[in-house]
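In case you want the letters, here they are:
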Amino acid sequence: APNEKLQRPKDSHLPFLMVCVFFLAIAAGISLTGEFPINDDYIYTWSVRHLLETGQFKIPGTVASSIFPIYSGAGICALAGGFSFGLLRVLSFIFGLAGGVGLYLAVRETGLRNRDAAIFSAVYLLNPLFVNVNFGFMTDVPALALNNWFLYFGLRIAKSRAARLDWSSLCGAFVVVSLAVASRQTILALLPATLILACRPGLAPVARIAIVSTLAI
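No experiment lies behind these values; they were computed from the predicted model shown. Counting restarts for each chain: residues are numbered from 1 in the order of the written sequence. Only residues with pLDDT of 70 or above have their local features reported here, since the model is predicted, and side-chain atom pairs are shown and tallied only from 80 upward, although totals for entire chains, interfaces and linings are computed over all residues. Water and hydrogen atoms play no part in the side-chain values, which are based on all heavy atoms of the structure.

Observations regarding the overall build of the protein
Helix and strand assignments come from DSSP, with helices taken as H or I runs of at least 4 residues and strands as E runs of at least 2, each series counted from the N terminus. A count of helical and extended segments in the protein gives eleven helices and zero strands. Going from N to C terminus, the protein has its helices and strands arranged as α-α-α-α-α-α-α-α-α-α-α. It only takes one pair of heavy atoms within 4.5 Å for two residues to be counted as in contact. Long-range pairs, those at least 24 residues apart, make up 68% of the contacts in the protein with a sequence separation of at least 6. Of the accessible surface of the protein, which amounts to about 11600 Å², a share of 68% is contributed by carbon and sulfur atoms. In short, Shrake-Rupley with a 1.4 Å probe defines the accessible areas, and a residue's cover is counted only from the protein chains shown.

See the structure below:
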């Protein structure tokens with residue numbers, strides 16, 4: 001058995017890295033430059049500009065609250081010295097790539113090989129619809145990215161021993177689910193899944209209390 005383990009081919013991350021390179025090549029090939037809105041992002045970019053110019057958070061009444069993307073966009077523009085549609089597209093692609101990494105890690109947690117996980121990530125990152133929304137600064141991309149990371153942390157919690165909670169994954173799960181809800185309110189659908197984690201048989205009472213209390217906060 002030990003010899004068989006030594007002879008097993010190494011499960012490389014190279015396929016996933018190739019997917020990421022191709023995803024970034026799409027961004028570079030089409031170009032992220034251009035000081036103009038795309039799709040519906042004029043709504044959210046207006047909020048970013050208003051926050052930069054006045055210091056006040058304000059969104060049009062026709063859209064749901066999108067605190068995390070708007071503050072993130074305002075932050076990167078402030079660091080760069082001013083508002084820019086191009087910078088916001090770069091941020092959107094960073095969120096997109098982060099979502100691909102989260103999905104890759106989540107699929108690996110199910111026991112599939114890296115190569116198979118890379119296929120899942122390729123379907124996600126290279127989907128024409130997903131590539132399209134990456135070129136607009138909207139809530140779709142960051143919310144999906146945070147959803148994928150919640151899936152990763154949730155799977156790690158589910159795999160942890162019944163009497164010993166994976167606290168680092170618990171903290172990660174609540175951070176990303178909080179940011180996800182602050183990005184797009186439809187992510188509230190993740191909260192029942194969080195409660196399911198709290199109801200795992202054999203979970204220590206203090207861990208169960210911690211999960212429910214943090215969820216309530």
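Notes on helix H9 (residues 167-181)
What a helix is expected to span follows from its residue count: subtract one and scale by 1.5 Å. Helix length check: H9, at 15 residues, gives a terminal C-alpha distance of 21 Å against a target of 21 Å (1.5 Å per residue), a fit within 8%. Categorising residues by exposure relies on relative accessible area from a 1.4 Å probe, with only protein chains included: less than 20% of the type maximum marks a residue as buried, more than 50% marks it as exposed, and the intermediate range marks it as partly exposed. Buried residues of H9: Ser169, Leu170, Gly172, Ala173, Phe174, Val176, Val177 and Ala180, and no others.

With respect to a nonpolar patch on the surface
Together, Leu14, Leu17 and Met18 line one region of the surface with nonpolar side chains, adding up to about 310 Å² of accessible area. Structurally, the position occupied by methionine 18 is in helix H2 (residues 14-30). By relative accessible area, methionine 18 is classed as exposed at 53%. Only residues above 30% relative accessible area that lack a salt bridge enter a patch, with like-charged residues linked at up to 9 Å and the nonpolar side chains Val, Leu, Ile, Met, Phe, Trp and Tyr linked at up to 5 Å. Salt bridge, as used here: a side-chain nitrogen of Lys or Arg that lies within 4 Å of a carboxyl oxygen of Asp or Glu.

Examining the packing of helix H3 (residues 41-54) against helix H4 (residues 67-80)
To get an axis, a line is fitted to the C-alpha atoms, and for a helix only the part in contact is used. The angle between two axes follows their N-to-C directions and goes from 0 to 180 degrees. Viewed as axis vectors pointing N to C, H3 and H4 meet at an angle of 55 degrees, and their least axial separation amounts to 9 Å. On the basis of their axis angle, the class for H3 and H4 is oblique. Regarding H3 and H4, the two cross each other, and that crossing is right-handed. Residues Tyr44, Ser47, Val48, Leu51 and Leu52 of H3 touch H4, and the partners they reach there are Ile70, Tyr71, Gly73, Ala74, Cys77 and Ala78. Here the contact of H3 with H4 is built from residues that sort into nine nonpolar, two polar and no charged. Relative orientations are named as follows: roughly parallel for angles under 35 degrees, roughly antiparallel for angles over 145 degrees, roughly perpendicular for angles from 65 to 115 degrees, and oblique for any other angle. The hand of a helix crossing depends on one turn: near helix anticlockwise from the far one by less than a right angle means left-handed, and clockwise means right-handed. Residues are sorted three ways: Asp, Glu, Lys and Arg are charged, Ala, Val, Leu, Ile, Met, Phe, Trp, Tyr, Cys and Pro are nonpolar, and all the rest, Gly among them, are polar.

Remarks on helix H5 (residues 85-109)
With 25 residues, H5 should cover 36 Å at 1.5 Å per step; its first-to-last C-alpha distance of 36 Å lies within 8% of that length. Counting buried positions along H5 gives 18 out of 25 residues, so the element sits mostly inside the fold. A distance of 3.2 Å separates the backbone nitrogen of glycine 86 from a side-chain oxygen at the start of H5, and that oxygen is part of serine 84. Taken from the residues just after H5, glycine 111 is the one with a positive phi, measuring 105 degrees. Identification of polar contacts relies on pairs of N or O atoms within 3.5 Å, with a donor-acceptor requirement for protein atoms, meaning one able to donate a hydrogen and the other able to accept it, and with residues adjacent in sequence counted only if both atoms are side-chain atoms.

Digging into the nonpolar core
Core analysis: the largest hydrophobic core is formed by 48 residues, its most contacted members being Val48, Phe93, Tyr104, Leu125, Phe130 and Phe137. Elements supplying a minimum of two residues to this core: H2, H3, H4, H5, helix H6 (114-125), helix H7 (128-134), helix H8 (140-159) and H9. In this structure phenylalanine 93 touches Phe23, Ala27, Leu32, Asn134 and Phe135, once residues within four positions along its chain are discounted. Nine residue types can take part in a nonpolar core, namely buried Ala, Val, Leu, Ile, Met, Phe, Trp, Tyr and Cys, and a core is a set of them joined through side-chain atoms within 4.5 Å.

Considering unusual backbone geometry
Unusually for a residue other than glycine, serine 31 sits at a positive phi of about 85 degrees. Position of serine 31 among the secondary structure elements: in the loop between H2 and H3. On the basis of relative accessible area, serine 31 is assigned to the partly exposed category, the value being 29%. At asparagine 39, a residue that is not glycine, the phi angle is positive and equals roughly 55 degrees. Structurally, asparagine 39 can be placed in the loop between H2 and H3.

Re the confidence of the model for the protein
When the pLDDT values of the protein are averaged, the result is 82; 77% of them are 70 or greater. For every residue, the predictor reports its confidence as pLDDT, a number between 0 and 100. Residue range residues 1-8 is modelled with pLDDT below 50. Its contacts to residues more than four positions away, or to other chains, number zero contacts.

Points about the packing of aromatic side chains
Here a ring pair, both rings aromatic, is described through the centre-centre distance and the interplanar angle of the planes. Between 30 and 60 degrees the pair is tilted, below 30 it is stacked and above 60 it is edge-to-face, where a pair is any two Phe, Tyr or Trp rings, Trp via its six-membered ring, whose centres lie within 6.5 Å. Tallying each qualifying case throughout the model produces eleven aromatic pairs. Measuring from centroid to centroid gives 4.9 Å for phenylalanine 93 and phenylalanine 135, while their planes differ by 75 degrees, and the two rings are edge-to-face. Here the residue phenylalanine 93 occupies a position in helix H5, and phenylalanine 135 occupies one in the loop between H7 and H8, the gap between them amounting to 42 residues. Taken as a pair, phenylalanine 93 and phenylalanine 135 share a single burial class, namely buried.

Observations concerning the pattern of salt bridges
According to the stated counting rule, one finds three salt bridges in the structure shown. Note that aspartate 116 is salt-bridged to arginine 115, the shortest N-O span being 3.9 Å. The class for arginine 115 is partly exposed, based on a relative accessible area of 46%. Two residues, arginine 184 and aspartate 140, come together in a salt bridge whose shortest N-O distance is 3.3 Å. Residue arginine 184 is located in the loop between H9 and helix H10 (190-198), and its partner aspartate 140 is located in helix H8; the two are separated by 44 residues in the primary sequence.

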